[in-house]
Amino acid sequence: MKSAKPATEPDTSHSRYADAVGPRTAVFVLGDARTNMSDPNLPALKQIAERARRVHWLNPEQPALWSTGDSVALAYADLVDMRPCRNARQLADLIGRLLPV
């Protein structure tokens, strides 16, 4: 018979890979920051932002939509650098700023 597992943090990508993020880490997130009415888990993003050297969130939505419906983009943008990234030109601009040639 298996013993009951002690109550711990739920098994999430954040909990599984938290030790992989450190002061030399750059984290890139690509997503619209919509929660589908789920918990946005701001403490997890805050912890990642505190541990990483930089966090860049590339949001494919227009900034005008970042506060509509179930979007928590503005709350996430308070914690990390969030930029619109809807096409290859915007991605190239971001890369150009991050990686001087």
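Up top is the structure.
Residues numbered from 1 in each chain as written. Predicted model: local features only at pLDDT ≥ 70, side-chain atom pairs only at ≥ 80, totals over all residues. Heavy atoms only, no water.

*Asks:* Hey, could you go over the overall build of the chain for me, with residue numbers and the actual values?
*Replies:* From N to C terminus, the chain includes four helices and three strands. The order of helices and strands in the chain, counted from the N terminus, is α-β-α-β-α-β-α. Of all intrachain contacts in the chain linking residues separated by at least 6 positions in sequence, the fraction that spans at least 24 positions is 77%. Entry remark: accessible area of the chain is about 7,400 Å², with carbon and sulfur atoms responsible for 56%. (Helix = DSSP H or I, 4+ residues; strand = E, 2+ residues; numbered from the N terminus. Contact = heavy atoms within 4.5 Å. Areas by Shrake-Rupley, 256 points an atom, 1.4 Å probe, with all protein chains shown as cover.)

*Asks:* Can you tell me about the sheet that holds strand β3 (residues 81-84), naming the residues and giving the values?
*Replies:* Read from one edge of the open sheet, three strands run β1-β2-β3, paired in parallel fashion. Both edges of this open sheet fall to β1 (26-30) and β3, since each of them pairs with a single strand only. Neighbour to neighbour, the strand axes of the sheet diverge by 20° on average, direction disregarded. Alignment of strand β2 (residues 54-59) against β3, held across four bridges, turns out to be parallel. Note that in β3 the partner of histidine 56 across the bridge is aspartate 81. (Pairing = 2+ DSSP bridges. Axes fitted to C-alpha atoms, helices over the stretch in contact; angles between N-to-C directions.)

*Asks:* Go over the pattern of salt bridges with me, naming the residues and quoting the values.
*Replies:* Inspection of every chain in the model, using the stated rule, returns six salt bridges. A salt bridge links glutamate 50 to lysine 46; the nearest nitrogen and oxygen atoms lie 3.8 Å apart. Placement of the pair is glutamate 50 and lysine 46 together in helix α2 (residues 42-51), with a separation of four residues, close to one helical turn. Note that aspartate 81 and arginine 83 form a salt bridge whose closest N and O atoms lie 3.1 Å from each other. A single salt-bridge network, built from bridges that share partners, covers Arg34, Glu61 and Asp70. (Salt bridge = Lys/Arg side-chain N within 4 Å of Asp/Glu carboxyl O.)

*Asks:* Give a description of the nonpolar core that names residues and reports values.
*Replies:* As a rule of thumb, nonpolar side chains are buried together in soluble globular proteins. Residues Ala33, Trp57, Tyr76 and Met82 are the most contacted members of the largest nonpolar core, which totals 13 residues. For this core, the elements supplying multiple residues, two or more each, are β2 and α3 (73-77). (Core = buried A, V, L, I, M, F, W, Y, C linked by side-chain atoms within 4.5 Å. Buried < 20%, exposed > 50% of the residue type's maximum accessible area, 1.4 Å probe, protein only.)

*Asks:* Just give me the short version of the pairing of β1, but keep the residues and values in it.
*Replies:* As paired strands, β1 and β2 are joined by five bridges and run parallel to one another. Along β2, the bridge assignment pairs leucine 30 with leucine 58. Each parallel crossover has a hand, and the one from β1 via α2 to β2 is right-handed. (Right-handed = clockwise from strand over helix to strand, strands pointing away.)

*Asks:* So what's going on with the side chain of threonine 35? Residues and values would help.
*Replies:* In this fold, threonine 35 is placed in the loop between β1 and α2. Residue classification places threonine 35 among the buried positions, given a relative accessible area of 13%. Not counting residues within four places of it along the chain, the set of residues in contact with threonine 35 comprises Pro40, Asp70, Val72 and Tyr76.

Read these as layout, nothing more, since geometry by itself doesn't imply function.
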